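Descriptive analysis of the structure
Here's the letter readout for the chains.
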Amino acid sequence: MTSPLFVAKPVLPKLEDFIPYLEEIWRSEVLTNNGPFHQKLEQALESYLGAPCAMLFNNGTIALLVALKMLDLPPGSEVITTPLTFAATAHSITWNGLKPVFADVDPETLTIDPKAVEKAITAKTSAILAVHVYGTVCDTVKLQDIANRNGIRLIYDAAHVFGTTISGVPIGTFGDVSVFSFHATKLFNTFEGGLITTQSAIDKDRVYFLRNFGIKNEEEVVDIGINGKMNEMQAAIGLLNLQLVNRERAIRAELRRDYNNILHNVAGIRTPKEQSGVSNSEQYYHIVIDPVVFSRSRDDIYKELKQAGIFSRKYFHPICTDFSPYKGNVIHSAYEEPYVETVKTRVLCLPFHSGVTEDHLKLIDQVFNRR
Ligand SMILES: *Cc1c(COP(=O)(O)O)cnc(C)c1O
């Protein structure tokens with residue numbers, strides 16, 4: 001019997017490598033507030049991600065809240081986003097006193113469909129919040145064009161694309177602002193954590209104040225800030241995990257090839273499409289199951305895998321418009337029936353990390369190919 005296998009497994013440094021960092025924290029008694037490890041990690045990420053402005057946060061959701069806040073969007077205005085995402089994406093819009101407006105996904109990439117975005121635009125639209133979902137990048141060219149033509153802002157939820165580049169251009173430099181998550185389930189983790197990146201170092205001051213209550217100095221509070229600060233323990237983990245990220249990504253790239261080999265000839269199973277010029281973050285491996293052609297449904301496969309001790313996840317089902325706060329919201333679409341309503345019953349994320357063994361792959365092969 002193999003041990004249970006989950007969809008994610010956190011990258012962790014050796015405990016003995018963490019101890020010297022703890023000793024340093026105990027010695028210095030600097031626990032938080034832009035401490036030395038925090039500054040070191042911020043610099044390291046700025047260079048790793050190739051973003052002129054890279055600012056750490058205590059989690060990705062607070063970073064999303066601040067990313068929207070820094071754009072000073074008119075109160076009550078509409079922000080167009082995808083329903084196929086984690087709850088935090090839509091919630092960050094609502095928490096800013098803005099209105100999420102949902103647009104369908106592109107059937108090919110499952111990222112927000114620019115044609116649906118066009119349909120969702122009204123006189124009240126102030127921004128687009130797009131998500132590079134599962135590691136697939138959005139149509140950045142079309143979305144930027146829509147934003148420019150309509151005089152609206154463009155924000156990216158980049159939680160799934162740590163380290164991705166498009167034709168060599170770092171993903172964190174597209175649009176007005178991008179947000180990463182360093183939650184335990186993400187490729188690069190700091191236990192909990194997040195990051196805002198923009199293409200200009202000029203944004204650093206504004207993000208700095210918004211992250212720290214708007215405090216400029218002992219005498220002045222200049223902005224309506226929040227407490228978004230990452231602490232020194234998280235930053236120390238980040239410094240250690242950043243050294244492990246390339247190796248983990250390489251192992252997952254290998255696993256991607258193994259999954260493709262198992263699944264690419266199975267009728268009714270769609271494997272993730274490679275995007276030309278895009279370096280893959282290797283965050284998730286998602287498949288789309290056509291229940292008619294494959295003759296078993298996504299939910300059937302989910303259950304069969306579970307019986308074999310393999311815990312896949314139906315990300316992101318239910319979709320945001322199924323959540324009670326957003327129920328009844330329309331999904332603008334280029335099609336008669338939004339494609340996201342179909343795909344939410346078909347998409348499945350398989351365990352994707354360095355803990356997946358040959359034995360696990362055999363079990364997964366047996367479930368899909370009924371050998
Ligand atoms: C993980 C994630 C976030 C942010 O999550 P935190 O747990 O707050 O760091 C935001 N959006 C998406 C799409 C995510 O997967």
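A brief look at the structure comes next. (Residues numbered from 1 in each chain as written. Predicted model: local features only at pLDDT ≥ 70, side-chain atom pairs only at ≥ 80, totals over all residues. Heavy atoms only, no water.)

**Let's talk about unusual backbone geometry**
- Here the residue pair Y315 and F316 is connected by a cis peptide bond, since its omega of -5° sits within 30 degrees of zero.
- Assignment of secondary structure puts F316 in the loop between α11 (298-307) and β12 (331-332).
- Here the residue pair H317 and P318 is connected by a cis peptide bond, since its omega of 0° sits within 30 degrees of zero.
- The topology assignment puts P318 in the loop between α11 and β12.
- Of note, the phi angle at N33 is positive, near 65°, even though the residue is not glycine.
- Of note in this structure, L110 is not a glycine but carries a positive phi near 65°.
- L110 sits in the buried class, given a relative accessible area of 2%. (Helix = DSSP H or I, 4+ residues; strand = E, 2+ residues; numbered from the N terminus. Buried < 20%, exposed > 50% of the residue type's maximum accessible area, 1.4 Å probe, protein only.)

**Let's talk about the packing of aromatic side chains**
- Scanning all chains against the criterion turns up 15 aromatic pairs.
- Here the aromatic rings of Y208 and F209 are separated by 6.0 Å at their centres, their planes lie at 80°, and the arrangement is edge-to-face.
- Here Y208 falls in the partly exposed class, since its relative accessible area comes to 32%.
- Plain terms: the ring middles of Y285 and F352 are 6.0 Å apart, the flat faces sit at 40° to each other, and that makes the pair tilted. Pair noted here: Y285 is in strand β11 (residues 285-289) and F352 is in the loop between β13 (347-350) and α13 (358-369), with a separation of 67 residues, a long-range link. Neither residue differs from the other here; Y285 and F352 are each classed as buried.
- Taken together, the ring pairs connect Y48, F162, F180, F182 and F188 into an aromatic cluster.
- The ring of F57 carries the charged tip of R211 above its face, separated from the ring centre by 6.0 Å. (Phe/Tyr/Trp six-rings, centres within 6.5 Å; stacked < 30°, edge-to-face > 60°. Lys NZ or Arg CZ within 6 Å of the ring centre and 35° of its normal.)

**Here's the deal with a nonpolar patch on the surface**
- Among the surface-exposed residues, F213, I215 and V221 lie close enough to one another that they form a single nonpolar patch of about 260 Å² accessible area.
- Relative to the helices and strands, I215 is located in the loop between α7 (204-211) and α8 (232-242).
- Given a relative accessible area of 33%, I215 falls into the partly exposed group. (Patch = residues over 30% accessible without salt bridge, like charges linked within 9 Å, V, L, I, M, F, W, Y side chains within 5 Å. Areas by Shrake-Rupley, 256 points an atom, 1.4 Å probe, with all protein chains shown as cover. Salt bridge = Lys/Arg side-chain N within 4 Å of Asp/Glu carboxyl O.)

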